[in-house]
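# Architecture and fold: a report
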Amino acid sequence: MTDINAVITAAASGMRAQTTRMRLAAENVANASSTGTSPNEEPFRRRIPLLESTTLASGAEGVRVLGSTLDMSAFREEYNPSHPAADADGYVRLPNVDTLVEMMDMRDAQRAYEANLNMIEAARGMTSRALELLRK
């Protein structure tokens, strides 16, 4: 495999990883206010992507998506005794999702995705220029 193909393969693996990050951040934001329906039921728990650096078949270093895991940090609590999920003291457990953090993660993933896309476009441009030189 050529070096340009290795670059494209590595950038594509990065794009897949960033897509996973953006999808999980969007799911977290969508569920940021999802509580349980009873005091004993847990609210939504934030999900975090699991990514791993790996050597690709092309020999380049890339990223592999292993899946996701649950963020085991503490839930937020809010006093709302009229809520169906309120405990005996009137507190409702809320998801451990901070929408500001999720939006920053999403923006970071978007920029990394764009950087990988630029790498692919640059590699394709170099290939096109090389072919043009060979035609002359």
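Because the structure is predicted, anything quoted here is derived from the model rather than measured. (Residues numbered from 1 in each chain as written. Predicted model: local features only at pLDDT ≥ 70, side-chain atom pairs only at ≥ 80, totals over all residues. Heavy atoms only, no water.)

## Some words on the side chain of asparagine 28
Note on placement: asparagine 28 falls in helix α1 (residues 3-30). Assessed through its relative accessible area of 1%, asparagine 28 is described here as buried. If near-sequence neighbours (up to four positions away) are discounted, asparagine 28 is found in contact with Phe44, Arg46, Arg47, Val97 and Glu102. (Helix = DSSP H or I, 4+ residues; strand = E, 2+ residues; numbered from the N terminus. Buried < 20%, exposed > 50% of the residue type's maximum accessible area, 1.4 Å probe, protein only. Contact = heavy atoms within 4.5 Å.)

## Concerning the packing of aromatic side chains
Applying the stated rule across the entire model yields one aromatic pair. With 5.4 Å between their ring centres and 65° between their planes, tyrosine 79 and tyrosine 91 make a pair best called edge-to-face. You can see tyrosine 79 sitting in strand β3 (residues 76-79) and its partner tyrosine 91 sitting in strand β4 (residues 91-94), a full twelve residues away along the chain. (Phe/Tyr/Trp six-rings, centres within 6.5 Å; stacked < 30°, edge-to-face > 60°.)

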